[in-house]
Amino acid sequence: MSAKNIFSNYTLFLFFVLGFGGCKTGQSLSSNQTDARGLKDFYKNYFPIGVAVGKRNLSGEESALIKKHFNSITAENDMKMESMQPIEGKFNWREADSIISFAAQNNIKVRGHNLCWHEQAPSWFFTDKAGKEINKTLLLQRLKAHIDAVVGRYKGKIYAWDVVNEAIDDDSTKYLRNSKWYQICGEDFIIKAFEYAHAADPDAKLYYNDYNTERPEKRERVYRLLKSLKDKGVPIDGVGLQAHWSIYEPTEKELVTAIKRYSSLGLKIQFTELDLSIYPWEKNKRAKRANESDDYTAELEGQQVAKYKMVFNVFRKYKNVITNVTFWNISDRRTWLDGYPVPGRKNYPLLFDTQLKPKKAYWGVIKF
């Protein structure tokens, strides 16, 4: 082979290596791995990049990864009702305070999650001392007391709250979820939660948060609720789209349609709980099938890379209405999707692997 051909083949080889996996032109893969920049730096002109955390994540190597890549954090569980006020009038501030302190020390914004939800709400909220269901007036008083205490404590420290979480029913033939909140208060619990939160911190941005918000049948019911709140003058600033997605959904058209539909109401959009499962979305538990593998194959990896690239291309296009994108958990080392809804099944839904190293999907997200 001539020297000219050797040089030409070597040039093609370098071009392939430098272009592979999301590297910028002129940078090698190894230099990207040691790049001081993180996700937040690549997206500084677009929107904050967040991650869900617990107290256990705030030290050691996970802490270092958080500080490098994220400029927003959300408490995965430590600010939910049963964590904050497990017994009436007795608040547990320790874990939430540690998250607030970590954020302040590292110049990281905090999203509050969440103030009112049908799950992880302690049973005492809905019953009297005799165990009998309480009336609407008392339940709203308890809701106000909880929001006053929590939002008031973190006033000026938490810039946005998921005020009401998942109030739309899973049944496409129904509207609002038949939760204890709805059974006792009707739709008023949603309205009052926003009013209480706004009164407790007028500067905080207030969001309604839900999942499967890109599926057409649920999208229209979420839109109906949001429009109703806007028409009533309820102090709502935006909608949180949880983005618990998979390599199978949503389509680009579904995602774009949802963004346009919700933002047409004058609401800002935050993608609050992003992950991309390698399995189709399921909510109901089932046993692990005999032939079901936990292997993160090259084919699945490729599909995940393509899906992550697509959704972030859309996010960047609509940066004028998107004010935050938050990942739900830090890495594949531990995710809420491990064993959910199928016990014993491992999932690989995030941009960092079990060793906290960037996956190919990471390079696809930062190459633009």
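Located above this text is the structure these notes cover.
An account of the accompanying structure is given in this report. This is a predicted model, so every value here is computed, not measured.

### What about the overall build of the chain?
A count of helical and extended segments in the chain gives 13 helices and nine strands. Overall, the C-alpha framework of the chain stretches about 90 × 45 × 45 Å when taken along its three principal axes. Per-residue burial for the chain yields a buried fraction of 53% across its 368 residues. Considering only intrachain contacts with a sequence separation of at least 6, the fraction spanning at least 24 residues in the chain is 76%. Summed over all atoms, the accessible surface of the chain reaches about 16,600 Å², with 52% contributed by carbon and sulfur. Each charge sign in the chain was given a centre, from 57 positive and 44 negative side chains, and these centres are 4 Å apart.

### Looking at the packing of helix 11 (residues 252–263) against helix 12 (residues 298–317)
Running from amino to carboxyl end, helix 11 crosses helix 12 at an angle of 25°, the nearest separation of the two axes being 10 Å. Classified by the interaxial angle, the pair formed by helix 11 and helix 12 is roughly parallel. The two elements helix 11 and helix 12 meet at a crossing, and its hand is right-handed. Along the contact surface, helix 11 presents Glu252, Leu255, Val256 and Ile259, while helix 12 presents Met310, Val311, Val314 and Phe315. Broken down by class, the residue content of the contact of helix 11 with helix 12 amounts to seven nonpolar, no polar and one charged.

### Here we look at the nonpolar core
Among the nonpolar cores identified, the biggest contains 104 residues, and Phe271, Tyr308, Phe312 and Phe315 are the most heavily contacted of them. If you tally residues by element for this core, the top one is helix 9 (residues 188–200), at eight residues. Those residues within four positions of Phe315 in sequence are excluded, and the remaining contacts are Phe47, Trp245, Leu255, Phe271, Leu274, Ile322 and Val325. Ile247, Tyr279, Leu300 and Tyr348 belong to the second largest nonpolar core, which has five residues in total.

### Quick notes on unusual backbone geometry
Residue Glu249 is joined to Pro250 through a cis peptide bond whose omega torsion reads 5°. Considering the arrangement of structural elements, one finds Pro250 in the loop between strand 7 (244–246) and helix 11. Residues Tyr340 and Pro341 are joined by a peptide bond in cis, for which omega reads -5°. Within the secondary structure, Pro341 sits in the loop between strand 9 (322–327) and helix 13 (360–366). For Gln120, which is not glycine, the phi dihedral falls at a positive 50°. Phi angles above zero are rare outside glycine, and Ala243 is one such case at about 65°. Judged by relative accessible area, Ala243 falls into the buried class, the value being 2%.

### Regarding the pairing of strand 2 (residues 72–75)
Residues of strand 2 alternate between two faces, with Ser72 and Thr74 on one and Ile73 and Ala75 on the opposite face, all of them buried. Where strand 1 (residues 49–53) lies against strand 2, four bridges are found, and the strand directions are parallel. Across the sheet, the residue bridging to Val51 is Ile73, located in strand 2. As for the winding sense of the linkage, the β-α-β connection from strand 1 through helix 4 (residues 60–69) to strand 2 is right-handed.

Thresholds, definitions, all that
Residues numbered from 1 in each chain as written. Predicted model: local features only at pLDDT ≥ 70, side-chain atom pairs only at ≥ 80, totals over all residues. Heavy atoms only, no water. Helix = DSSP H or I, 4+ residues; strand = E, 2+ residues; numbered from the N terminus. Buried < 20%, exposed > 50% of the residue type's maximum accessible area, 1.4 Å probe, protein only. Contact = heavy atoms within 4.5 Å. Areas by Shrake-Rupley, 256 points an atom, 1.4 Å probe, with all protein chains shown as cover. Lys, Arg positive; Asp, Glu negative; His and termini not counted. Charge placed at Lys NZ, Arg CZ, Asp CG, Glu CD. Axes fitted to C-alpha atoms, helices over the stretch in contact; angles between N-to-C directions. Parallel < 35°, antiparallel > 145°, perpendicular 65-115°, else oblique. Left-handed = near helix turned anticlockwise from the far one by under 90°. Nonpolar A, V, L, I, M, F, W, Y, C, P; charged D, E, K, R; others polar. Core = buried A, V, L, I, M, F, W, Y, C linked by side-chain atoms within 4.5 Å. Pairing = 2+ DSSP bridges. Right-handed = clockwise from strand over helix to strand, strands pointing away.

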